[in-house]
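# Overview (structure and organization)
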Amino acid sequence: MRKPVFRGTKPLALTGVLLALSTILLAACGGSPSTLDPAGPIAGRESNVFWLLLIIAAIIFVGVEGMLIYSIFRFRERPDSPPAPQWHGNLKVEIIWTVLPAILLGVILFITIQGLFDVAKEPEGKTVEVTAYGHQWWWEFYYPDSKITTADSLVVPPNTWVKVKLFSNNVIHSFWVPQLTGKTDVVPGHDNVRTFKADKPGRYTGICAEYCGVQHANMRFDVVVTDNFDKFQTWQREQQAAAANPSSDLQAKGKQLYLDQCTTCHGIVGVLENYTGKEDPTVQCVNPEKQNGCLIGPDLTHFGSRKLIAGGVLENNVDQCQPGGDLSNCNLAKWLQDPQKVKPGNDMVIGQLSKDDIAALVAYLESLK
Ligand code: HEC
Ligand SMILES: [Cu+2]
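Residues numbered from 1 in each chain as written. Chains lettered and ligands numbered in written order. Predicted model: local features only at pLDDT ≥ 70, side-chain atom pairs only at ≥ 80, totals over all residues. Heavy atoms only, no water.

## What to know about a nonpolar patch on the surface
On the surface, Leu91, Ile95, Ile96, Val99, Leu100, Ile103 and Val107 cluster together to form a nonpolar patch covering roughly 660 Å² of accessible area. For Ile96, the position within the fold is in helix H3 (residues 91-119). (Patch = residues over 30% accessible without salt bridge, like charges linked within 9 Å, V, L, I, M, F, W, Y side chains within 5 Å. Areas by Shrake-Rupley, 256 points an atom, 1.4 Å probe, with all protein chains shown as cover. Salt bridge = Lys/Arg side-chain N within 4 Å of Asp/Glu carboxyl O. Helix = DSSP H or I, 4+ residues; strand = E, 2+ residues; numbered from the N terminus.)

## As for the UniProt feature "domain: Cytochrome oxidase subunit II copper A binding" (unreviewed entry) in the protein chain
Annotation from UniProt places "domain: Cytochrome oxidase subunit II copper A binding" (unreviewed entry) at residues 125-238. Helix makes up 9% of residues 125-238 and strand 48%, with an end-to-end C-alpha separation of 25 Å. (UniProt positions renumbered as here; feature names shortened; annotations may be inferred.)

## Looking at the pattern of salt bridges
Under the definition given, this model contains 7 salt bridges. Between Asp357 and Lys253 there is a salt bridge, with the nearest N and O atoms lying 3.5 Å from each other. In this pair, Asp357 is assigned in helix H9 (residues 355-366) and Lys253 in helix H5 (residues 249-261), connecting sequence segments 104 residues apart. Its relative accessible area of 18% is what places Asp357 among the buried residues. One salt-bridge network, in which partners are shared between bridges, spans Arg45, Asp118 and Lys121. (Buried < 20%, exposed > 50% of the residue type's maximum accessible area, 1.4 Å probe, protein only.)

## Some thoughts on the coordination of the copper ion (ligand 2)
Those donors, His173 (ND1), Cys208 (SG), Cys212 (SG) and Met219 (SD), are the protein atoms that reach the copper ion (ligand 2), and they lie 2.1 to 2.5 Å from it. Taken together, the 4 donor atoms surrounding the copper ion (ligand 2) define angles of 93 to 124 degrees at the centre, an arrangement classified as tetrahedral. For the copper ion (ligand 2), the single-chain donor residues occur in sequence as H-x34-C-x3-C-x6-M. Taking relative accessible area as the criterion, Cys212 reaches 4% and is therefore assigned buried. (Donors = N, O, S within 2.8 Å, 3.2 Å for Na, K, Ca; no water. Tetrahedral: all angles 85-135°; square planar, octahedral: opposite > 155°, others 65-115°.)

## Some words on the domain arrangement of the protein chain
Domain assignment breaks the protein chain into domain 1 (35-71 + 90-121), domain 2 (127-239) and domain 3 (249-366). Summed over both partners, the interface of domain 1 with domain 2 comes to about 930 Å²; 51% of that surface belongs to carbon and sulfur atoms. Viewed at the interface, domain 2 and domain 1 are joined by 6 residue pairs in polar contact (both at pLDDT 80 or more). Classifying every residue of the side of domain 1 that touches domain 2 gives 6 nonpolar, 2 polar and 3 charged. (Domains from an automatic or database assignment. Buried area = accessible area lost by both parts, 1.4 Å probe. Polar contact = N/O pair within 3.5 Å; in protein donor to acceptor, adjacent residues only side chain to side chain. Nonpolar A, V, L, I, M, F, W, Y, C, P; charged D, E, K, R; others polar.)

This is the structure in structure tokens:
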């Protein structure tokens, strides 16, 4: 008796399960930053490699599966068919299926290596240098030319090469901006460099792509591409300035609270004594005993101008944080209320702040544009 290829209703059930799974998978694609939507030459080069390989793979897949399906139907056993010819070993076929894949893999290797060299090229012309410092679990950005320290937002000009020196003194992180550049490991003691260029202004999501501890998934950052180079320079000048002075009693109270409770971990230029924010972390932060100017938390000098809080675990929604207003939807207030609840395991361990103290700190920190 002939055995059926499938038995019972299994194929139907299997198809159903596969369909359901693929729906879940595809649903995850909506809205996330995609490598298939490149916004600069490096990411563009990388996605070209992807498409080329996909097309080659698709042609092979359709060819092989087509022949398979054709054979299954064309040469299937029929009630009156004679026994199939019995033979084994065919030199011609074996040579073909050894040589063809070898050539194909050679082509794929060539395309890949060419892509690798292209994305590693030294940039030409004007270049902005930045050091990206991977902390557990947030990114600090230091601009050696203008001596600025900031966090969460990597601000760069459009159509300009950006050379990012990747630094860590803790664990291995990975710097990844899907729409601008592929992943590059951030290894302690081994300073990798990643270059990229953004074609147009905008805000692009950056991600840490190496598991670096419990809050690894909340180690995001923004790449903010300014409208033009002048705007970038204006931004640099603003960031070089010391923190704004309090302009209300509430803000002044917030400043005092900062001085009393937050200075062990956070620097504010012009407020914290001996803190300039100008120190190069790759020099300052390599020796754990000499952490002069190498603070454990983000620089807050211009916190109010940033869009993210603590590695993007929250948005800095300034409009909900107006002084004197209702702070129940203010994310900064949520953070200060209980940072361990918002981002369990992070290094900001503080005592409980009162509602009034939080209101004062929110008023002060959001005023630091
Ligand atoms: C023991 C060290 C420590 C103390 C004390 C501390 N913080 Fe933090 N703070 C951190 C760390 C570390 C982060 C980043 C956490 C992360 O993203 O994983 C942080 C993040 C923040 C952020 C978000 C900054 C950004 O750019 O993402 C704000 C705002 C902040 N702290 C305010 C305060 C205030 C106000 C105080 C004082 C009441 C304070 N912190 C006390 C360590 C500290
Ligand atoms: Cu990380």
